[in-house]
Each structure stands twice: as C-alpha cells, then as structure tokens.
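# Coordinate inspection notes
Listed below are the residues making up each chain.
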Amino acid sequence: MEGTPPTAAAALDGAVGGSDGSPYTARPAGGSALALAFSSRPTPPWRTTLRRARRIVGSISVTNALLAANVLVYAANVASRGALLAAGAKLNAPILAGTELHRLATSMFLHDGLLHLGANCLSLSSLGPSAEAVFGRTRMAAGYVAAGVAAAAASVAWTPYPAVGASGAVFGLLGGLMVYLLLNRQGVTRGRGRSFRALVGVAAVNLAYGAMPGGRVDNAGHVGGLAAGAVLAAIAGPRYRVVRGRLVDVPLGVAAVRWRPGGMRSGGGDW
C-alpha cells in the first residue's frame with residue numbers, strides 16, 4: 001500500500017521504517033504524536049483506486065469515448081437482433097405523446113447498418129479532435145449531446161419518418177466550429193479563412209446530398225444539429241479578445257456587461 005510522505009519535522013527528527021517495512025515515526029521533542037501518526041497513516045486503498053480511475057478517465061478523449069459508444073451500441077443492437085433500435089429510435093408518436101422522450105437522446109447513438117455507422121464515425125473522428133481542442137472536454141461533450149437532442153427534435157417537427165444516427169450531433173460540432181472561427185478573428189490568425197470555407201463546403205455538400213429526391217437522409221435533423229451547435233458556440237464558446245496586450249477569453253455574458261471597444265473598464269481586472 002502507498003503511504004503518505006513523512007513531514008519535514010519527522011524527517012529531521014530521524015523517522016525510520018520498521019524491520020517489516022511498515023512506516024513509523026519517532027516523536028520529536030515538543031511535537032504532536034497524534035499529528036505525526038496521522039501524517040504517516042497509509043493512503044486508503046479506495047482513494048488510490050479513485051485516483052487511478054480519474055487518471056485513466058482523464059487520459060481518454062471525448063471523441064474516442066463517443067466513437068467507442070457508437071460502436072458498442074451498434075454491436076449490442078446486433079446482439080439483441082434489433083431490439084435496441086426499436087426501443088431507442090426517433091419515433092414521432094411516442095415522443096409527441098410524452099411517453100418516450102428518451103428517444104430524443106438515444107437515437108443519436110443508434111445506426112442502421114455498418115455503412116451508416118462507419119460514415120458517422122469517420123465524420124466524428126475528423127471533427128471531434130478539433131472541437132475538443134477548441135471547446136474543451138466538457139463543453140464539447142455537452143454540445144455534442146445537446147446538438148443530437150436538438151437534431152432529433154427538429155426531425156420530429158419536420159419529418160414523420162423514424163430516424164437514427166449521430167450525424168445531427170456531428171453537424172452540431174460543425175456548426176460550433178464555424179461560429180468559433182467567425183467570432184475569434186483575433187484568436188485564430190493562421191488559416192482561419194481557409195478552415196472556415198472548408199467547413200462551409202462540407203456542410204453545403206452534405207445538405208445538398210440530403211436534399212436529393214428519393215434519399216433517406218434526414219436533412220431536418222442535420223439543420224437542427226447545425227443550428228444548435230452554432231447557437232451553443234455563440235453563447236458558451238470561447239470569445240478571444242486582446243486585453244491589455246494579452247489574448248484572453250471574454251465569455252459572451254461578460255462581454256455584454258464589461259466589454260467596450262477600448263478594452264476593459266477600469267477596475268474590471270483581467271479575464
């Protein structure tokens with residue numbers, strides 16, 4: 001088991017280990033034996049396990065976790081012979097009745113075939129790392145799920161057909177990155193225009209493909225996810241400004257109250 005390091009006072013007073021390897025501390029003159037006993041108490045196993053779990057979770061990117069979730073859910077659906085698809089797909093009637101609202105969220109993790117799964121995973125693996133780097137793990141994960149729910153809600157509003165797939169959530173990442181590039185001209189100076197045009201092109205090609213007659217693409221969900229991602233990025237995404245010679249993130253709410261073209265108001269401090 002892992003023990004806590006001895007205190008400086010204990011080290012100076014000649015603390016040593018027992019013959020069996022267990023730590024103990026000699027009592028220094030004028031010191032507190034109780035405090036030293038607590039300082040040399042071994043770390044509980046559950047705390048060590050928790051720290052290791054946090055390190056492992058922290059090392060996994062959100063993009064990889066979402067990719068794994070899509071693949072695992074697809075495999076589980078195949079194993080269940082389509083039971084998960086039937087229970088979690090976007091279906092208008094139970095959603096509008098309010099009895100199965102979970103379908104708004106579960107539908108983004110379900111896919112109708114390997115080609116469908118592969119296309120969405122490829123798109124997610126292309127956009128996810130950039131979105132994660134720009135927005136951070138928490139905002140990227142929250143934005144992905146929120147855009148997926150918004151995409152399903154838009155599909156309910158405009159199309160009567162069942163729908164599944166992560167494309168609405170991926171479109172949310174696309175819209176978020178587009179807005180980020182638009183709002184951060186001071187923060188992104190290299191390749192901003194080229195990147196923005198590439199994202200617009202990807203969105204346009206996919207929406208045009210979805211609008212082709214006879215297709216099975218849910219364009220309402222794509223537009224809903226794209227719009228949701230854009231709005232979320234505008235409200236909660238980074239907004240970099242040069243303040244007192246430094247590039248800082250001035251959130252939208254703070255900018256509305258404290259920001260002015262000449263810089264921060266006096267007494268506002270650095271953000």
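Right above here is the structure, for reference.
A brief report on the enclosed structure follows. (Residues numbered from 1 in each chain as written. Predicted model: local features only at pLDDT ≥ 70, side-chain atom pairs only at ≥ 80, totals over all residues. Heavy atoms only, no water.)

Moving on: the overall build of the protein. Along its length, the protein carries 12 helices and 4 strands. The long-range fraction of contacts in the protein, counting pairs at least 24 apart against all pairs at least 6 apart in sequence, stands at 65%. (Helix = DSSP H or I, 4+ residues; strand = E, 2+ residues; numbered from the N terminus. Contact = heavy atoms within 4.5 Å.)

Let us look at the packing of helix 9 (residues 167-183) against helix 10 (residues 192-210). At a closest axis distance of 10 Å, the pairing of helix 9 and helix 10 adopts a crossing angle of 150°. Comparing the axis directions of helix 9 and helix 10 gives the class roughly antiparallel. Regarding helix 9 and helix 10, the two cross each other, and that crossing is left-handed. In this structure, helix 9 contributes Phe171, Leu174, Leu177, Met178, Leu181 and Leu182 to the contact, and helix 10 contributes Arg192, Ser195, Phe196, Leu199, Val200, Val202, Ala203, Asn206 and Leu207. Among the residues forming the contact of helix 9 with helix 10, the class breakdown is 12 nonpolar, 2 polar and 1 charged. (Axes fitted to C-alpha atoms, helices over the stretch in contact; angles between N-to-C directions. Parallel < 35°, antiparallel > 145°, perpendicular 65-115°, else oblique. Left-handed = near helix turned anticlockwise from the far one by under 90°. Nonpolar A, V, L, I, M, F, W, Y, C, P; charged D, E, K, R; others polar.)

Turning our attention to helix 4 (residues 62-79). End to end, helix 4 covers 25 Å across 18 residues, agreeing with the expected 26 Å (1.5 Å per residue, within 8%). Turning to helix 4, its buried residues are Val62, Thr63, Leu66, Leu67, Asn70, Tyr74 and Asn77. Down the axis of helix 4, the sector holding all buried residues measures 145°, keeping them to one side. In helix 4, the exposed positions angled more than 90 degrees off the buried face are occupied by Leu72 and Ala79. Lining the buried residues of helix 4 we find helix 5 (83-88) and helix 8 (114-158). (Expected span 1.5 Å × (residues − 1). Buried < 20%, exposed > 50% of the residue type's maximum accessible area, 1.4 Å probe, protein only. Arc of directions from axis to C-beta.)

This paragraph deals with the packing of aromatic side chains. Tallied over the full model, the rule gives 1 aromatic pair. Ring geometry for Phe135 versus Tyr180: centroids 6.1 Å apart, planes at 70°, classification edge-to-face. With Phe135 in helix 8 and Tyr180 in helix 9, this residue pair connects regions lying 45 residues apart in the sequence. Each of the two residues, Phe135 as well as Tyr180, counts as buried. (Phe/Tyr/Trp six-rings, centres within 6.5 Å; stacked < 30°, edge-to-face > 60°.)

Time to look at the pattern of salt bridges. Per the counting criterion, the structure on display carries 2 salt bridges. The closest approach of N and O atoms between Glu100 and Arg103, which form a salt bridge, is 2.4 Å. Ionic pairing is found between Asp112 and Arg216, a salt bridge with its closest N-O pair at 3.1 Å. Pair noted here: Asp112 is in the loop between helix 7 (103-106) and helix 8 and Arg216 is in the loop between helix 10 and helix 11 (219-236), with a separation of 104 residues, a long-range link. (Salt bridge = Lys/Arg side-chain N within 4 Å of Asp/Glu carboxyl O.)

With that out of the way, let us pick up the pairing of strand 1 (residues 240-243). Of the two faces of strand 1, the one lined by Arg241 and Val243 is fully buried and the one lined by Tyr240 and Val242 carries no buried residue. Two elements, strand 1 and strand 2 (residues 246-249), share 4 bridges in a ladder whose sense is antiparallel. Within strand 2, the residue paired with Arg241 across the bridge is Val248. Counted between consecutive antiparallel strands, the loop separating strand 1 from strand 2 contains 2 residues, among which Arg244 sits at a positive phi close to 55°. (Pairing = 2+ DSSP bridges.)

Now for the packing of helix 10 against helix 11. How two helices sit against one another is set out by the angle between their axes and by the gap between those axes. With their axes 9 Å apart at the nearest point, helix 10 and helix 11 run at an angle of 155° to one another. Relative to helix 11, the element helix 10 is oriented roughly antiparallel. For the pair helix 10 and helix 11, the sense of crossing is left-handed. For the pair helix 10 and helix 11, contact is made by Asn206, Leu207 and Gly210 and by Asn219, His222, Val223 and Leu226, respectively. Among the residues forming the contact of helix 10 with helix 11, the class breakdown is 3 nonpolar, 4 polar and no charged.

What follows covers the environment of Val223. Checked against the element boundaries, Val223 lands in helix 11. Considered as a pair, Val223 and Ala151 are 72 residues apart in the sequence and their alpha carbons are 7.2 Å apart.

Residue position: Gly148 is located in helix 8. C-alpha separation for the pair Gly148 and Gly229, spaced 81 residues apart in sequence, amounts to 9.2 Å. Those residues in contact with Gly148, other than ones at most four positions away along the chain, are Leu104, Met108 and Ala169.

This paragraph deals with a positive patch on the surface. On the surface, a cluster of positive charge is made up of Arg47, Arg51, Arg52, Arg54 and Arg55. The residue Arg51 is located in helix 3 (residues 45-59) in this model. Taking the relative accessible area as the measure of exposure, Arg51 reaches 40% and is therefore partly exposed. (Patch = residues over 30% accessible without salt bridge, like charges linked within 9 Å, V, L, I, M, F, W, Y side chains within 5 Å. Areas by Shrake-Rupley, 256 points an atom, 1.4 Å probe, with all protein chains shown as cover. Lys, Arg positive; Asp, Glu negative; His and termini not counted. Charge placed at Lys NZ, Arg CZ, Asp CG, Glu CD.)

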